[in-house]
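# Understanding the architecture of this molecule
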Amino acid sequence: MANSDVNVAVRTGTVHALVGENGAGKSTLMKILYGMQRPDEGTISIDGSPTDLTTPADAIAVGIGMVHQHFMLADNLTVLENVVLGDEPRSGGGIDFKAARTKIKDISARYGLGVEPDRLVDELGVGERQRVEILKVLFRGARILILDEPTAVLVPQEVDELFGNLRELKSEGLTILFISHKLDEVLSVADDITVMRRGTTVASVSPGEVTARQLAELMVGSALPVPELRESTVTETPVLEVEGLTVTSPDGRAVLDAMSFTIHAGEVLGIAGVEGNGQAELVEALMGIRPLQSGRIMLQDKDITKLSTRKRRDAGVGYVPEDRHRQGVLLEATLWENRILGHQTRAPSARGLLLNRAGARADTERIVEEYDVRTPSIDVAAASLSGGNQQKLIVGREMSGDPVLLIASHPTRGVDVGAQAAIWEQIRKARAEHLAVLLISADLDELIGMSDSLAVILRGKLVASYDPTAVTPEELGSAMTGAGDGGPHD
Amino acid sequence: MGRISLRSVGLGLAAPVGALVFALLVCGVILSITGHPPFSVAEDMIGSLERPRTIANSLNSATTYYLSAVAVAIGFKMRLFNIGVDGQYRLAAMLAAALAGASFMESLPSVVRILLTILAAMLVGAVWSGIAGFLKVTRGVSEVISTIMLNAIATALVAFLLNPDRLAVTVAGSNNIGTAPITEGGQVPGIPYSGSSSDVYGLVALAAVVGVAYWFMLNRTRFGFDLKATGESESAAVASGVNVKKMVLASMLLSGAVAGLVGLPQLLGDSHSYALDFPAGLGFTGIAIALLGRNHPIGMAFAAFLWGALDQTSNVLDLSGVPKEIVVIMQGVIVLSVVIAYELVRRYKLRLEQRDVGRALGTTKTPEEVQG
């Protein structure tokens, strides 16, 4: 992504938020600040002196630390070992664990992080792991912290804790650069906000003078989409019937425990839950990727329990995977080749045992047009598109060929507001034409706005169901952690 | 892939050409250090290439190398490392030779005889690599390990069968033993090359057919798409409905079938019998050529010819007292440096493309246009 004419001034001892759509250039700016990429022009000054950052080591040396969105911790090591990894304090020939332990305890106490050095990372929850990441950066002497989408993996309660930590860090004189596209969070924690759009900085505002809506409109440059369904299109015809679905992990633990539900034509069933409660297993079991222990899956009154993934896809199941790089695209293949993926056996991608290249190319052009995939051509590799544009291509592909059921895991995760609106609109349209949708999302507003019915998944079970017109994100949030009283179970 | 731009061709050539130049430099330095003038050595080698016989022999080596490289490349495309091409072709050539030389084949028309020989070789190769595929699919055995072990077993099996009590006869006038000689009806006549005393193998056509079929399979068929997809990202392939186990087995069988062909140009075109002196180790050469040619049907053809030419021109070095192992050094350096060069070019290309995408988006649409 090209960045041009980016101007950001961050005051010492503040939380500065950087917001923008995906592909707006936030990640590129971050990489430049952390020395992972070099700017062609322009300067970076720290405390007034221009600095040349060519490697992350340079960045660390001048006191810049980065907390990545995806944690980089070794599960089988303790917190202490993880923190010192790569920056081990020496004493004689060995590692001075004692000094490190003291230092970690100091930092933890000073900033209220509550990190215990001798626990195994494997035992820690998501929020705790994040605090370990922050501590790792502080341990290396960072005075400026860059946090890349730190709340993406947290539930609302954990987000509040994180913000408490950030305020603590700020009061100790540290500077925080906070990347996000969750605007409510930005408004609640930031002292200054810089908005990026299309690779450049378009506005600097302070949270007191804007609303979330205005901020979002600055980001997109236009009015905002809202996740909402219009009139109900739910019919009486069941499309997907799941009975007693049980999946066990290799160690014999039930990760999905006798789950049953039905989705009708024209219905969107939303599944809310903290990540790791069986969502991934549910989706993979429905797609035929993960073997079942027991249970039955019916698609349009046909038993598909024993069918292969390909046969299920051919029967009209579309699949928007949670991790697009792992399951959604071939990064080094062109866009039109990616259009074929998952549709290898069907028109317009195939003709008998041969590929139909012309057909696939023409249909890729259609998807690029209809879903506003921003690319100069369909001959570039998928890896050269921004994440949001890759996602639009995937959704476009999965909605091709008139699917009867769409299994959508986080369909708008990491995509910009414009693309989000486009994806929602396409789902609405397909729903009106009797598409059944299983929607899994971490975005509670999306779940509430886009679902006809809502269920909460906890430890492999559907523990509660809610009427999306009557539930609040807070209620859902507490049901997700198992703290809520739960709705009437069906 | 659809459009061929000057830049992509240039980038495609940058790595092999760069590796070649680097290898030449390294060899030049080694020659100088050991007291041989590099330029006169190069002159000798290039000079020998002007002889028609050298060209014909280079083509013959290249034919064999190419088949071996395609066999390896089919595996590579799936990220499968078929190191067993060596054992597969030796076993296949030996059994096919025994079949082709058998007396009951005499009564068959020549075309049928040759086709039967080819089919038998493919079948043997496929069965031998299929064992590795089967073990991988059912028991999760790494194909690297199993194919290496199958190579050793093939060596032992060939030694066992190549015995006068079983499939071999003693070769008249020597203490060599081999399968019964294939009579004229079972041979593939060579193509005369003007000015050369040795013919070009008739089965050079088979290599061409295999190359075209390989290209067609990869780029035009659903099977080829599944194969490439599995190689690029197994998880994405699985999610798209590819049965990875089936693909592993199918590609191992296919790779082995092509491997079975490796020995045939020599067998049916020149030696007419599988004897103790039948060339070994071609399977490993195939790995180097597949790497150098980047699994590309045309790239591997060039790489195979380069390899063949290096082998053949090295013969001239003995005359001038230069150790011909310098060519082996050169081949080794080429392969090592080309692997690095390809990776560098790949990354550079991706960065260029990302910049292009960025630039195209920055200039083709302004935010205002997008909103409208």
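Residues numbered from 1 in each chain as written. Chains lettered and ligands numbered in written order. Predicted model: local features only at pLDDT ≥ 70, side-chain atom pairs only at ≥ 80, totals over all residues.

Take the overall build of chain A next. Counting secondary structure elements, chain A contains 17 helices and 22 strands. Its C-alpha atoms give chain A a radius of gyration of 24 Å, within 12% of the compact-globule value 23 Å for 490 residues. Dimensions of chain A along its principal axes, counting C-alpha atoms only, are 70 × 50 × 50 Å. Burial analysis of chain A (490 residues in total) assigns 47% to the buried set. Taking the intrachain contacts of chain A between residues at least 6 apart in sequence as the baseline, contacts between residues at least 24 apart amount to 68%. (Helix = DSSP H or I, 4+ residues; strand = E, 2+ residues; numbered from the N terminus. Rg over C-alpha atoms; globule rule 2.2 N^0.38 Å. Buried ≥ 20, exposed ≤ 12 C-beta atoms within 10 Å, placed from the backbone. Contact = placed C-beta atoms within 7 Å.)

Residue and element names in this part refer to chain A. Direction vectors running N to C along helix 4 (residues 97-111) and helix 5 (residues 126-139) enclose 115°, while the axes themselves pass 10 Å from each other. With respect to each other, helix 4 and helix 5 are oriented roughly perpendicular. As for the relative orientation of helix 4 and helix 5, their crossing is right-handed in sense. In contact with Lys103, Ile104, Ile107 and Ser108 of helix 4, helix 5 contributes Leu135, Leu138 and Phe139. Here the contact of helix 4 with helix 5 is built from residues that sort into five nonpolar, one polar and one charged. (Axes fitted to C-alpha atoms, helices over the stretch in contact; angles between N-to-C directions. Parallel < 35°, antiparallel > 145°, perpendicular 65-115°, else oblique. Left-handed = near helix turned anticlockwise from the far one by under 90°. Nonpolar A, V, L, I, M, F, W, Y, C, P; charged D, E, K, R; others polar.)

Let us look at the packing of helix 5 (residues 110-139) of chain B against helix 6 (residues 143-161) of chain B. Each packed pair of helices is defined by two parameters, the angle between the axes and the distance between the axes. Residue and element names in this part refer to chain B. Between helix 5 and helix 6, whose axes approach to 9 Å, the crossing angle comes to 145°. Here the hand of the crossing between helix 5 and helix 6 comes out right-handed. Touching Trp128, Ile131, Ala132, Leu135 and Lys136 of helix 5 are Glu143, Ser146, Thr147, Leu150 and Ala154, all from helix 6. Here the contact of helix 5 with helix 6 is built from residues that sort into six nonpolar, two polar and two charged.

Here the focus is the sheet that holds strand 13 (residues 268-272) of chain A. All names here are of chain A. The strand order 16-19-20-13-21-22 describes an open sheet built from six strands, whose pairing is mixed. At either margin of the open sheet sits one strand with a lone partner, and together these are strand 16 (317-320) and strand 22 (461-466). Within the sheet, the average angular offset between the axes of one strand and its neighbour, ignoring direction, is 20°. Where strand 19 (residues 405-409) lies against strand 20 (residues 436-440), five bridges are found, and the strand directions are parallel. Each residue of the ladder has a partner; that of Ile407, found in strand 20, is Leu438. Lying over the sheet, helix 14 (residues 387-398) contacts strand 16 and strand 19, oriented at roughly 170° with respect to strand 16. Strands strand 13, strand 21 (453-458) and strand 22 of the sheet are contacted by helix 17 (residues 473-480), whose axis makes an angle of about 30° with strand 21. (Pairing = 2+ DSSP bridges.)

This part is about the UniProt feature "transmembrane region" (unreviewed entry) in chain B. Residues and elements named next belong to chain B. With numbering aligned to this structure, UniProt lists the feature "transmembrane region" (unreviewed entry) at residues 12-35, 55-76, 88-105, 111-132, 144-162, 200-218, 248-268 and 326-345. For the annotated span residues 12-35, helix accounts for 92% and strand for 0% of the residues, and the straight-line distance between the end C-alpha atoms is 36 Å. Between the C-alpha atoms that bound residues 111-132 the distance is 32 Å, and the span itself is 100% helix and 0% strand. (UniProt positions renumbered as here; feature names shortened; annotations may be inferred.)

Accessible area lost on assembly of the parts is the figure often given for the size of an interface. Residue and element names in this part refer to chain A. Domain parsing of chain A yields domain 1 (15-220), domain 2 (225-316 + 402-490) and domain 3 (328-397). A C-alpha centroid distance of 25 Å is found between domain 2 and domain 3. At four residues, helix 15 (residues 417-432) tops the list of elements feeding residues into the side of domain 2 that touches domain 3. The class makeup of the residues in the side of domain 2 that touches domain 3 is five nonpolar, two polar and four charged. (Domains from an automatic or database assignment.)

Each partner contributes to the interface: chain A provides 42 residues, whereas chain B provides 31 residues. Broken down by secondary-structure element, the contributors of at least two residues to the side of chain A that touches chain B are helix 10 (309-314), helix 11 (324-328) and strand 18 (354-355) of chain A. Its residues assigned to classes, the side of chain A that touches chain B comprises 20 nonpolar, 13 polar and nine charged.

Summarising the element assignment, Arg313 of chain A is placed in helix 10. Residue Arg313 of chain A is classed as buried on the basis of its 25 C-beta neighbours within 10 Å. Distance in space between the C-alpha atoms of Arg313 of chain A and Val404 of chain A is 10.0 Å, their sequence separation being 91 residues. Discounting residues that sit within four places of it in the chain, Arg313 of chain A has contacts with Gly342 of chain A together with Gly241 of chain B.

Residues and elements named next belong to chain A. Here we have six strands laid out as an open sheet, ordered 4-7-8-1-9-10, and mixed in their pairing. Pairing within the sheet leaves two strands with one partner each, and these edge strands are strand 4 (64-67) and strand 10 (200-205). Between one strand axis and the next, the sheet turns through 20° on average, direction left out of account. The sheet contact formed by strand 9 (residues 192-197) and strand 10 spans five bridges and is antiparallel.

Residues and elements named next belong to chain B. Position of Leu95 relative to the elements: it lies in helix 4 (residues 85-101). Along the primary structure Leu95 and Gly10 are separated by 85 residues, whereas in three dimensions their C-alpha atoms are 45 Å apart. Not counting residues up to four positions away in its chain, the partners in contact with Leu95 are Ala120 and Val124.

Next up on the list: the confidence of the model for chain B. When pLDDT is low, close inspection of the predicted coordinates is not appropriate. Per-residue confidence for chain B averages 90 on the pLDDT scale, and 95% of its residues sit at or above 70. The complex prediction reports pTM at 0.77, with the ipTM value standing at 0.85. (pLDDT = per-residue confidence, 0-100.)

Our next topic: the nonpolar core. Generally speaking, soluble globular proteins have nonpolar side chains that are buried together. In terms of nonpolar packing, the biggest core is built from 234 residues, with Leu145 of chain A together with Ala69, Ala93 and Ala96 of chain B touching the most fellow members. In contact with Leu145 of chain A, other than residues within four places in its own chain, are Gly65, Val67, Ile134, Val137, Leu169, Leu174, Ile176 and Leu177 of chain A. (Core = buried A, V, L, I, M, F, W, Y, C linked by C-beta atoms within 7 Å.)

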